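Now for the letters of each chain:
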Amino acid sequence: MQCQPERESVLNCAREIYKSGMVTGTWGNVSVRADNRELMLITPSGMDYSLLEPQDMVLLDFTGKVVEGAYRPSVETPMHLGIYRQRPDVNAVVHVHSPYAVAFAVARRNIPVILEETAQIVGHEIESAAYAHCGTQALADNVIQALGTDRKSVLLANHGLVAVGKDMAEALKVCYIVEKTAMIALRASTLGPIHALSKEDTAILNQNFKSYGQNK
């Protein structure tokens, strides 16, 4: 069985998004680059994350051909593959249906940068990609276009949220921060106008955060 550490990483993340309430049932999906970035591991389609084992993750090449795995890969495989092809800086993709972020996706409104941690971790408003049916190449194309060359997250209209990162920990953290930002934005809107950070302040906070913490 190839890529055991990556298999465990994908499964652990899938279980976390389920336990955290960012997905319900078998929805959502997780992937990571594997085998020196030559392959992709992704969750199987329509299976209970609590019952899966690392060997159940599906290993594919970047043409979409299954290299190793007994199950069909996630229906959103085209989206994950497309992101990796477009973004060499991305090594992990997490797709969730977290309720506050999805509220913005249904309204097709951007999630504003209202928190310093949103500026630090995400660094941009979270926009909504144009609607397309789940699992389609059209959806994959819309997401890839919305992510562009440097964005870390995008909403899927009437559907969910996608986050990317240099590793699984970063992609998962982006999901949590975006969901928290959406929650606070909706609650703050009941008190009055929402005041987003300026693009200049967002850029400064994002840049300064890169040297935050202890020297390695």
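Below or above, wherever it landed, is the structure these notes cover. Small disclaimer: the values here were computed from a predicted structure and weren't measured.

Rules used in this analysis
- Residues numbered from 1 in each chain as written.
- Predicted model: local features only at pLDDT ≥ 70, side-chain atom pairs only at ≥ 80, totals over all residues.
- Heavy atoms only, no water.
- Helix = DSSP H or I, 4+ residues; strand = E, 2+ residues; numbered from the N terminus.
- Rg over C-alpha atoms; globule rule 2.2 N^0.38 Å.
- Buried < 20%, exposed > 50% of the residue type's maximum accessible area, 1.4 Å probe, protein only.
- Contact = heavy atoms within 4.5 Å.
- Areas by Shrake-Rupley, 256 points an atom, 1.4 Å probe, with all protein chains shown as cover.
- Lys, Arg positive; Asp, Glu negative; His and termini not counted.
- Charge placed at Lys NZ, Arg CZ, Asp CG, Glu CD.
- Axes fitted to C-alpha atoms, helices over the stretch in contact; angles between N-to-C directions.
- Parallel < 35°, antiparallel > 145°, perpendicular 65-115°, else oblique.
- Left-handed = near helix turned anticlockwise from the far one by under 90°.
- Nonpolar A, V, L, I, M, F, W, Y, C, P; charged D, E, K, R; others polar.
- 1 Å grid on protein atoms, 1.4 Å probe; cavity = no way out; pocket = protein on both sides within 12 Å on 5 of 7 lines; lining within 4 Å.
- Points joined across faces, edges and corners; volume = space filled by probe spheres on them.
- Pairing = 2+ DSSP bridges.

The next thing to look at is the overall build of the protein. The number of helices and strands found in the protein is 7 helices and 8 strands. For 216 residues, the compact-globule estimate of 2.2 N^0.38 gives 17 Å, and the protein sits close to it at 17 Å. Considering the protein as a whole, with its 216 residues, one finds that 48% of them fall into the buried category. Pairs at least 24 apart in sequence give 66% of the contacts found in the protein among residues at least 6 apart. Counting only carbon and sulfur atoms, one obtains 51% of the accessible surface of the protein, whose full area is about 10,800 Å². Of the charged side chains in the protein, 20 are positive and 23 negative; the average position of the first set lies 2 Å away from that of the second.

Another aspect to go through is the packing of helix α3 (residues 99-107) against helix α6 (residues 168-188). Two elements in contact, α3 and α6, have axes separated by 7 Å at closest approach and are oriented at 70°. When the axes of α3 and α6 are compared, the pair comes out roughly perpendicular. Handedness of the crossing formed by α3 with α6: left-handed. Taken together, the residues of α6 that come into contact with α3 (itself represented by Pro99, Tyr100, Ala101, Ala103 and Phe104) are Val178, Glu179, Ala182, Met183, Ala185, Leu186 and Arg187. In terms of residue class, the contact of α3 with α6 is built from 10 nonpolar, no polar and 2 charged.

Of the voids in this model, the largest pocket is the one considered here, and its volume is about 670 Å³. In terms of lining, the largest pocket is formed by 23 residues, of which the most central are Gln120, Ile121, Lys152, Glu170 and Asn206. Counting residues per element, the ones that place at least two in the lining of the largest pocket are α4 (116-121), β8 (160-165), α6 and α7 (199-209). Considering every element that reaches the lining of the largest pocket, the biggest residue donor is α6, with 3 residues. Here the residues of the lining of the largest pocket are counted per class, giving 6 nonpolar, 5 polar and 12 charged. Approximately 230 Å³ is the volume found for the second largest pocket. Taken together, 16 residues line the second largest pocket, and the ones lying closest to its centre are Thr26, Trp27, Gly28, Asn29 and Val75. Across the lining of the second largest pocket, the residue classes break down as 5 nonpolar, 10 polar and 1 charged.

This brings us to unusual backbone geometry. Positive phi, normally seen in glycine, also occurs at arginine 108, with a value near 55°. Mapped onto the fold, arginine 108 is located in the loop between α3 and α4.

Attention shifts here to the sheet that holds β8. The strand order β4-β3-β2-β1-β5-β8-β7-β6 describes an open sheet built from 8 strands, whose pairing is mixed. The open sheet has two edge strands, β4 (66-68) and β6 (128-129), and neither has a second partner. Pairing between strand β5 (residues 92-96) and β8: 5 bridges, direction antiparallel. Across the sheet, the residue bridging to valine 93 is valine 164, located in β8. Taken strand by strand, α6 contacts β1 (29-34), β5, β7 (153-156) and β8, and its axis lies near 140° from that of β8.

With that settled, the discussion passes to the packing of helix α2 (residues 77-86) against helix α5 (residues 137-147). Contact pair α2 / α5: the axes reach a minimum separation of 8 Å and the direction vectors enclose 35°. Of the two possible hands of crossing, α2 and α5 adopt the one that is right-handed. Each of Pro78, Met79, Gly82, Ile83 and Gln86 in α2 lies in contact with α5, whose residues at this interface are Gln137, Ala140, Val143, Ile144 and Leu147. In terms of residue class, the contact of α2 with α5 is made up of 7 nonpolar, 3 polar and no charged.

Function-wise, these values are silent; they only describe arrangement.
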